[in-house]
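Listed below, chain by chain, are the residues.
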Amino acid sequence: MLGSFGNALKEALNNANDLQLNADDLMEKMATGEVDNLHSVMIGVTKAELALQFVMEIRNKLTELYKELMRMPV
């Protein structure tokens with residue numbers, strides 16, 4: 001089970017990174033005039049932001065879990 005969770009977390013991180021790279025590319029193309037559809041750029045940026053927020057929430061929950069486990073008596 002731990003391996004599948006690790007794989008899922010790794011996949012989420014890779015997905016967030018891919019979305020961020022895509023958003024960066026779209027913003028660069030928008031700035032150079034290669035893309036003139038602001039909506040597609042904003043959608044790409046929003047997807048990247050949401051993916052990063054998701055990964056950060058996972059990190060926060062794991063940190064809380066670790067702290068809770070450390071408070072448990074042995």
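Everything below is about the structure printed above this text.
### Structural notes on the overall build of the protein
Here's step 1: A tally of helices and strands in the protein yields 2 helices and 0 strands.
Here's step 2: The C-alpha atoms of the protein give a radius of gyration of 17 Å, which is well past the 11 Å a tight globule of 74 residues would have.
Here's step 3: Referenced to the eigenvectors of the C-alpha coordinate spread, the extents of the protein come out at roughly 60 × 20 × 15 Å.
Here's step 4: The proportion of buried residues among the 74 residues of the protein is 18%.
Here's step 5: With an accessible surface of roughly 6100 Å², the protein has 62% of that area assigned to carbon and sulfur atoms.
Here's step 6: Measuring between centres, the 7 positive side-chain charges of the protein sit 11 Å from its 11 negative side-chain charges.

### Some thoughts on the nonpolar core
Here's step 1: Counting 11 residues, the largest nonpolar core consists of A12, A16, L19, A23, L26, V35, V41, V45, A48, A51 and V55.
Here's step 2: When contributions to this core are tallied by element, the ones reaching two or more residues are α1 (2-32) and α2 (38-71).
Here's step 3: Those residues within four positions of A16 in sequence are excluded, and the remaining contacts are A51, L52 and V55.

### Regarding the pattern of salt bridges
Here's step 1: Under the counting rule described, the total for this entry stands at 2 salt bridges.
Here's step 2: Two residues, K29 and D25, come together in a salt bridge whose shortest N-O distance is 3.4 Å. Here D25 and K29 lie together in helix α1, a separation of 4 residues that amounts to about one turn.
Here's step 3: Exposure remark for K29: the relative accessible area of 29% places this residue in the partly exposed category.

About the cut-offs
- Residues numbered from 1 in each chain as written.
- Predicted model: local features only at pLDDT ≥ 70, side-chain atom pairs only at ≥ 80, totals over all residues.
- Heavy atoms only, no water.
- Helix = DSSP H or I, 4+ residues; strand = E, 2+ residues; numbered from the N terminus.
- Rg over C-alpha atoms; globule rule 2.2 N^0.38 Å.
- Buried < 20%, exposed > 50% of the residue type's maximum accessible area, 1.4 Å probe, protein only.
- Areas by Shrake-Rupley, 256 points an atom, 1.4 Å probe, with all protein chains shown as cover.
- Lys, Arg positive; Asp, Glu negative; His and termini not counted.
- Charge placed at Lys NZ, Arg CZ, Asp CG, Glu CD.
- Core = buried A, V, L, I, M, F, W, Y, C linked by side-chain atoms within 4.5 Å.
- Contact = heavy atoms within 4.5 Å.
- Salt bridge = Lys/Arg side-chain N within 4 Å of Asp/Glu carboxyl O.

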